[in-house]
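In case you want the letters, here they are:
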Amino acid sequence: MSQATDHGDDDRPTRPSAIRVAGSKASARSRAVAQLVLGTSVLPLLIVSAVVLADLLGGAGMICLHLLAAGPALAATTTTSPRGVFCVGLLAAAIGVLLGIWDGVPGHEMAAVMSALVAVTLASGLVSALRERRERVLAAVRSVAETAQQALLTPVPATVGPFQVAVRYSAAAAEARIGGDLYALIPTPYGVRLIVGDVRGKGLPAVGTAALVLGVFREAAHDEPDLLAVVERIERSLARNLGCDDFVTAVVAGYPEEGQLEVVNCGHAPPLLVRECGEVVAVEPAHSTPPLGLRALSGQTPDLQVLPFTDGDQLLLYTDGVTEARDGGRAFYPLLDGLTRHVSDEPEHTLSALHDELLAHVGGRLHDDAALLLIRKPSVVEPVAAHVTTV
């Protein structure tokens, strides 16, 4: 079927180009008005309306006119844009003139009121502009922090090698969304290897040290057949780059062969081992070992612990932001008891329950960085592939 065509000048419709131009101008004006309305807080307009109502009902005259300056002043403290502040000020000025005429306010007094209103509006617009600039800077910092976190703490798949895996991480510096806790779990030629650590300090100042530890770990884990050699390389790197008061507590673990788990604890909280029967035990080191970066002060070297790790067993690594979280009565969160209550065959479900209980324990906001990493060795008959997601 052919398309219809025009049959002469008399029936020619309005040119589409003209319609599009007019429509685009109208839509642009509509968008501008919509942006202005959305960018202006309702509260300053309510204040101005209240002043008008009070003047009309009470006839207070000059007293109410002075209160009109509260409109633009309040607009600057809300989410109103500078343009919105000026519009509130313009509206207040127009209403002030009408009320002044209605109340018979002398001209010189009216001029003084309008001058004060203009001064408040200009100052409020400047404050609003400075606030918007600070918000843009903060948004940029947050974006950089989130990008750094994605590069530093890469997402861990739900399955790595023979393990089911789940991770939960919360930074104390909520505005930055990144802190001094670190974790990594990677497959290597020598089996799956993982690390969970805690850098002294919190927030953005700890990011550089965390990046250094993770970078060395990821490199050494692929190169060194011995897990203690991996720890030694991290120690040497930190000794060269950290200050005398800086250190990192960490647990480094590996699964070099079937049924065998290696653990090296460097001044960190002991991992929790969950047997298939449901028993939960803390993996305490044979003797205390200083954190990474402080070995030169004590001369002690860490031990390599070898544990049986068979089908159904689980290992939870965590940072002290979890165990040192306090409730309103200053009581610490009982992680071992919580894990005993919530342990299941799904690491993701286990950590979700633990994390929710931890937040409830502290009242909704952690005051230190907190990381949880749980691995589980499923039996060969379990459908592990069905759980493949990204944490």
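Please refer to the structure higher up on the page.
A short tour of the structure in this document, coming up. Quantities reported herein were computed from a predicted structural model and do not represent experimental measurements.

Description of the overall build of the chain
When helices and strands are counted, the chain shows 12 helices and 11 strands. Buried residues in the chain amount to 42% of all 391 residues. Roughly 20,100 Å² of accessible area belongs to the chain as shown, and the carbon and sulfur atoms make up 60% of that amount.

Here's the deal with the sheet that holds strand E9 (residues 305-308)
Within the open sheet, the 5 strands sit side by side as E3-E4-E5-E6-E9. Their pairing is antiparallel. Two strands in the sheet have a free side with no partner beyond their single neighbour: strand E3 (181-188) and E9. The mean inter-strand angle of the sheet, taken between neighbouring strand axes irrespective of direction, is 15°. One ladder, built from 6 bridges, connects strand E5 (residues 248-257) with strand E6 (residues 260-266); its direction is antiparallel. Of the residues in E6, the one forming a bridge with Val252 is Val264. Across the sheet, helix H7 (residues 207-223) lies against E3, strand E4 (191-199) and E5, angled at about 15° from E3, the strand it touches most. Helix H8 (residues 227-241) contacts E4, E5 and E6 of the sheet and is inclined by roughly 25° relative to E6.

Description of the nonpolar core
Judged by nonpolar contacts, the single largest core of 54 residues is most densely connected at Leu182, Ile195, Phe217, Ile234, Leu373 and Ile375. Considering each element in turn, this core owes the most residues, 8 residues, to H7. For Ile375, the contacting residues outside a window of four places in its chain are Phe163, Gln164, Val165, Leu185, Leu194, Phe309, Asp313, Gln314 and Leu315.

Comments concerning the sheet that holds strand E8 (residues 280-282)
Strand order in this open sheet of 6 strands is E1-E2-E11-E10-E7-E8, and the pairing throughout is antiparallel. A single partner strand is all that each edge strand has here, and the edge strands are strand E1 (159-160) and E8. One ladder, built from 2 bridges, connects E1 with strand E2 (residues 163-170); its direction is antiparallel. Within E2, the position partnered with Val160 by the bridge is Phe163. Docked against the sheet, helix H12 (residues 347-362) engages E2, strand E10 (314-318) and strand E11 (370-376), running at close to 25° with respect to E2.

What about helix H4 (residues 70-77)?
Residues Gly71, Pro72, Ala75 and Ala76 constitute the buried set of H4. For H4, the angular spread of the buried residues around the axis is 135°, confining them to a single face.

Examining unusual backbone geometry
Of note, the phi angle at Arg330 is positive, near 70°, even though the residue is not glycine. Along the chain, the position of Arg330 falls in the loop between helix H10 (320-323) and helix H11 (335-342).

Focus on the packing of aromatic side chains
If you walk through the whole model with that rule in mind, you get 4 aromatic pairs. Summarising the aromatic geometry, the rings of Phe163 and Tyr255 are spaced 4.8 Å apart at their centres and angled 70° between planes, so their arrangement reads as edge-to-face. Taken together, the residues span a long stretch of sequence, with Phe163 in strand E2 and Tyr255 in strand E5 at a distance of 92 residues. Relative accessible area serves as the criterion here: at 5%, Tyr255 is assigned to the buried category. A network of ring pairs unites the aromatic residues Phe163, Tyr255 and Phe309 as a single cluster.

Details of the packing of H7 against H8
One way to put it is that H7 packs onto H8 with a least axis distance of 9 Å and a crossing angle of 145°. Where H7 crosses over H8, the two elements pack in a sense that is right-handed. Note on element contacts: H8 touches H7 through Val230, Arg233, Ile234, Ser237, Leu238 and Asn241, opposite Thr209, Leu212, Val213, Val216, Phe217, Glu219, Ala220, Ala221 and Asp223. Considering only residue class, the contact of H7 with H8 consists of 9 nonpolar, 3 polar and 3 charged.

Conventions and cut-offs
Residues numbered from 1 in each chain as written. Predicted model: local features only at pLDDT ≥ 70, side-chain atom pairs only at ≥ 80, totals over all residues. Heavy atoms only, no water. Helix = DSSP H or I, 4+ residues; strand = E, 2+ residues; numbered from the N terminus. Buried < 20%, exposed > 50% of the residue type's maximum accessible area, 1.4 Å probe, protein only. Areas by Shrake-Rupley, 256 points an atom, 1.4 Å probe, with all protein chains shown as cover. Pairing = 2+ DSSP bridges. Axes fitted to C-alpha atoms, helices over the stretch in contact; angles between N-to-C directions. Contact = heavy atoms within 4.5 Å. Core = buried A, V, L, I, M, F, W, Y, C linked by side-chain atoms within 4.5 Å. Arc of directions from axis to C-beta. Phe/Tyr/Trp six-rings, centres within 6.5 Å; stacked < 30°, edge-to-face > 60°. Left-handed = near helix turned anticlockwise from the far one by under 90°. Nonpolar A, V, L, I, M, F, W, Y, C, P; charged D, E, K, R; others polar.

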